[in-house]
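# Per-entry structural report
What follows is each chain in one-letter form.
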Amino acid sequence: GIQVEQSPPDLILQEGANSTLRCNFSDSVNNLQWFHQNPWGQLINLFYIPSGTKQNGRLSATTVATERYSLLYISSSQTTDSGVYFCAVDGTDSWGKLQFGAGTQVVVTP
Amino acid sequence: DAGITQSPRHKVTETGTPVTLRCHQTENHRYMYWYRQDPGHGLRLIHYSYGVKDTDKGEVSDGYSVSRSKTEDFLLTLESATSSQTSVYFCAISESGTSGNNEQFFGPGTRLTVL
């Protein structure tokens, strides 16, 4: 099946800092989503982005499908950005069966 | 927020007992999914449904069964719970079929502990 690797595994930021999270995947994808799992365990949809660039407030994401990676940018980080960020994809032969990366644990300190 | 509820939200049970988890949606989406999340891991797909009475296996389906008798409800059953099934279970839904936007939205999760 499709492999998903996220980096870095852990990230500690001071409030106000910017950061970039990376997701590499091993095959062509139909769907790529970024999620934020907050400290209460809730999975929040950030982006549906199988290709191209999107922005939502302080967050933006870019997927370069031909090179099999996606980037999530967090600007001017806030303590509420803390949590785990997951990238998930499904492949062209596994539609709908999301394969998750192991996540990036982000801690934003005041 | 997508209208997805899961029940119960927390459950403690003993090894060997049957357990059923329920996912209910108010979005009338065709596709529904069950995932499990274990410490230090992302989510892994257990089973999914592509319509009423239409289900299929995911990556980690052993020990689990599912049923979908109505569009809005998707049940996950552990016929005889084992300690290895202690996990957080998430339900997800998506609208689209085999083309187009198949963005998945997740419920709040059920924390299951098998003693």
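You'll find the structure just up there.
Scoring rules and cut-offs
Residues numbered from 1 in each chain as written. Chains lettered and ligands numbered in written order. Predicted model: local features only at pLDDT ≥ 70, side-chain atom pairs only at ≥ 80, totals over all residues. Heavy atoms only, no water. Helix = DSSP H or I, 4+ residues; strand = E, 2+ residues; numbered from the N terminus. Rg over C-alpha atoms; globule rule 2.2 N^0.38 Å. Buried < 20%, exposed > 50% of the residue type's maximum accessible area, 1.4 Å probe, protein only. Areas by Shrake-Rupley, 256 points an atom, 1.4 Å probe, with all protein chains shown as cover. Lys, Arg positive; Asp, Glu negative; His and termini not counted. Charge placed at Lys NZ, Arg CZ, Asp CG, Glu CD. Contact = heavy atoms within 4.5 Å. Polar contact = N/O pair within 3.5 Å; in protein donor to acceptor, adjacent residues only side chain to side chain. Pairing = 2+ DSSP bridges. Axes fitted to C-alpha atoms, helices over the stretch in contact; angles between N-to-C directions. Buried area = accessible area lost by both parts, 1.4 Å probe. Salt bridge = Lys/Arg side-chain N within 4 Å of Asp/Glu carboxyl O. Disulfide = S-S within 2.5 Å.

Here we take up the overall build of chain A. Summing up its helical and strand segments, chain A has 0 helices and 11 strands in all. Relative to the compact-globule value of 13 Å for 110 residues, chain A shows a C-alpha radius of gyration of 13 Å, a close match. When its C-alpha atoms are laid out on the principal axes, chain A stretches across 45 × 25 × 20 Å. Considering chain A as a whole, with its 110 residues, one finds that 51% of them fall into the buried category. When the accessible surface of chain A is split by element, carbon and sulfur atoms take 47% of a total near 5100 Å². Charge-centre separation for chain A: the mean point of 5 positive side chains lies 5 Å from the mean point of 8 negative side chains.

All names here are of chain A. Tracing the sequence through the fold places Y85 in strand β9 (residues 83-91). With 47 residues separating them in the primary sequence, Y85 and N38 have C-alpha atoms 8.7 Å apart. Apart from residues lying up to four places away in sequence, Y85 is in contact with Q6, L21, F35, H36, L46, L72, I74, G103, T104 and V106. Within the structure, the side chain of Y85 is placed 2.6 Å from the backbone oxygen of D81, a separation counted as a polar contact.

As a further point, take the sheet that holds strand β1 (residues 4-7) of chain A. Within a beta sheet, neighbouring strands are joined by backbone hydrogen bonds and run either parallel or antiparallel to one another. All names here are of chain A. The 5 strands are arranged β1-β3-β8-β7-β6 in an open sheet whose pairing can be described as antiparallel. The open sheet has two edge strands, β1 and β6 (52-56), and neither has a second partner. Taken over all neighbouring pairs, the strand axes of this sheet differ in orientation by 15° on average, direction set aside. Two elements, strand β3 (residues 19-25) and strand β8 (residues 69-74), share 6 bridges in a ladder whose sense is antiparallel. Residue S19 lies in a different strand from β8, and its bridge partner there is I74.

In this section: the side chain of Q85 of chain B. All names here are of chain B. Summarising the element assignment, Q85 is placed in the loop between β8 (73-78) and β9 (87-94). With relative accessibility at 6%, the residue Q85 sits in the buried group. At a separation of 3.2 Å, a polar atom in the side chain of Q85 contacts the main-chain carbonyl oxygen of G63. Q85 has contacts with R36, D62, G63, Y64, L78, S80, L112 and V114, leaving out every residue within four places of it along the chain.

A few words on the interface of chain A and chain B. On the chain B side, the residues contacting the 18 residues of chain A number 24 residues. Overall, the association of chain A and chain B removes approximately 1700 Å² of surface from exposure, summing both partners, and the carbon and sulfur fraction of that is 53%. Linking chain A with chain B are 0 salt bridges, by the criterion used here. Of all elements in the fold, only β4 (29-37), β5 (43-48), β9 and β10 (99-100) of chain A reach the threshold of two or more residues within the side of chain A that touches chain B.

Applying the stated criterion to the full structure yields 2 disulfides over all chains. The partner cysteine of C23 of chain A in its disulfide is C87 of chain A, sulfur to sulfur 2.0 Å. Between C23 of chain A and C87 of chain A, the S-S dihedral sits near -60°, and the bridge is therefore left-handed. Placement of the pair is C23 of chain A in strand β3 and C87 of chain A in strand β9, with a sequence separation of 64 residues. For the pair formed by C23 of chain A and C87 of chain A, the shared burial category is buried. The disulfide bridge from C23 of chain B ends at C91 of chain B, spanning 1.9 Å between sulfur atoms. Of note, the bridge from C23 of chain B to C91 of chain B carries an S-S torsion of about -70° and is left-handed in sense. Separated by 68 residues along the polypeptide, C23 of chain B in strand β3 (residues 19-25) and C91 of chain B in strand β9 bring together distant segments of the chain. Classification of C23 of chain B as buried rests on a relative accessible area of 0%.

The quantities given are spatial measurements derived from coordinates; they are silent on function.
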